[in-house]
Amino acid sequence: MECKYCSREAIEEINGKAYCKEHFIKYFLGRVRSIIDKFGISGEIAVALSGGKDSAACFHALHSLNFDLQPFYINLHIPGDSEICQKKAEELCSNLGYKLKIIDVEEYGISIANKKKPCSICGTVKRYLMNKFAYEHGYKYVATGHNLSDAVTFALNNLANVNMLNFRGNKPYLEGREEYKMVAKVKPLYWLKDKECMLYVILNEIPFADEECLFAKNAPTIKIKEWVHSIESEQPGIMANMAKSFWKIEEMIERDEKINKCKKCGFASYGSVCKFCKIRKR
Ligand code: Q46
Ligand code: ZN
Ligand code: ZN
């Protein structure tokens, strides 16, 4: 198969178009650029690295597009995972000429691995610390490696669990709000699927940790993700359409929401005390 844009051998087909290595990378960076341009993102961006392929691809792509970046890593102390991931994130940063900032959850007296439902605590802690880091260091934006596969899977999982409130935070850009110490969040990989992110890191020889967190293995979302990808292979473009619909639903839900300031820490909260402060107290 030939690339649609030149005569070279194609390595990937996306929505019926074949791409060679060079044009695939152009396509990938173009999708990232479209998010950045749509929301007018400029200035320094704090980039959350997890050690995995997606945040590595996100960081590398933003670096290739010449953004001013500060990578950081949250060490969650998950056995058999966190140390390897931190090493991979450090390796990537040193390859690209950055110094990685490390945030350690143990400094906040939190341990995730021994909890009954580690993922729900982990999610809250990560969101809180990402925002806190960026806010306290004066960054306007936090970029994360959430991709199209994550966005669609997350939303479908919420539908499957009648969890409409969880719809918030899934769209590609969340505005910052100074009065609530909220930094803007951006998902540059929002239009890119898992497979495309994997291909991007392989083609660019980007170091990443292949191991999965031990709590990810039995997650119900794995089946949903497989299902979504199988529908996409029969009907290319359906995932992007679903993501657009979920984005609209999120905006409808947002209109009825009230944010407060947490009584303990002063960051944004949907109750009088934020979930992070409740976790710390426990
Ligand atoms: S939420 Fe759960 Fe992940 Fe946290 S505890 Fe591991 S699997 S790392 S994206
Ligand atoms: Zn080509
Ligand atoms: Zn709080």
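Here, every reference points to the structure presented above.
Residues numbered from 1 in each chain as written. Chains lettered and ligands numbered in written order. Predicted model: local features only at pLDDT ≥ 70, side-chain atom pairs only at ≥ 80, totals over all residues. Heavy atoms only, no water.

**A look at the sheet that holds strand β5 (residues 101–104)**
For clarity, the cut-off: What makes two strands pair is DSSP finding at least two bridges between them. To qualify as a helix, a DSSP run of H or I must reach at least 4 residues; to qualify as a strand, a run of E must reach at least 2; elements of each kind are numbered from the N terminus. Throughout, a residue-residue contact means that at least one pair of heavy atoms, one from each residue, lies within 4.5 Å. To obtain an axis, a line is fitted to C-alpha atoms, over the contacting stretch when the element is a helix, and the angle between two such axes runs from 0 to 180 degrees between their N-to-C directions.
With respect to topology, 6 strands assemble into an open sheet ordered β5-β4-β3-β6-β8-β7, the strand pairing being mixed. Each edge of the open sheet carries a strand with a single partner, namely β5 and β7 (173–174). Direction of pairing for strand β3 (residues 45–49) relative to strand β4 (residues 69–75): parallel, over a ladder of 5 bridges. Along β4, the bridge assignment pairs A48 with F72. Contacts from helix α3 (residues 82–96) reach β3, β4 and β5 within the one sheet, and its direction differs from that of β4 by about 170°.

**Quick notes on the coordination of the zinc ion (ligand 3)**
As a reminder, the rule being used: Distances define the donors: N, O and S atoms within 2.8 Å of the metal qualify, as do those within 3.2 Å of Na, K or Ca. Water is excluded, so some sites may look unfinished. Key to geometry: four donors with every angle between 85 and 135 degrees are tetrahedral; four donors are square planar and six octahedral where opposite donors lie over 155 degrees apart and all remaining angles lie between 65 and 115; all other sites are irregular. The cut-offs for exposure are 20% and 50% of the maximum accessible area for each residue type, with area from a 1.4 Å probe on protein chains only; residues under the lower value are buried, those over the upper are exposed, and the others partly exposed.
Protein-derived coordination of the zinc ion (ligand 3) comes from C262 (SG), C265 (SG), C274 (SG) and C277 (SG), at a distance range of 2.3 Å. Classification of the site at the zinc ion (ligand 3) as tetrahedral follows from its 4 donor atoms and the range of 105 to 115° in their angles at the metal. Between consecutive donor residues of the zinc ion (ligand 3), the sequence gaps follow C-x2-C-x8-C-x2-C. C262 gets classed as buried once you look at its relative accessible area, which sits at 4%.

**Comments concerning the pairing of β5**
Every regular strand shows the same layout, with side chains that alternate between the two sheet faces. This is how the line gets drawn: By the criterion used throughout, a crossover qualifies as right-handed when its path from the first strand across the helix to the second strand runs clockwise, the strands pointing away from the viewer.
One ladder, built from 4 bridges, connects β4 with β5; its direction is parallel. Among the inter-strand pairings, I74 is bridged to a residue of β5, identified as I103. The handedness of the β4 to β5 crossover, carried by α3, is right-handed.

**A short note on the nonpolar core**
Short version of the rule: To qualify as a nonpolar core, a set must consist of buried Ala, Val, Leu, Ile, Met, Phe, Trp, Tyr and Cys residues joined through side-chain atoms within 4.5 Å.
By size, the foremost hydrophobic cluster in this structure holds 62 residues, and its most contacted members are F24, F28, V32, V47, L62, V152 and Y200. Take this core: its biggest share by element is 8 residues, from helix α1 (residues 21–38). Each residue touching V32, except ones within four places of it in the same chain, is listed here: A61, L62, L65, P188, L189 and L192. Residues A46, F72, V125 and C265 belong to the second largest nonpolar core, which totals 30 residues.

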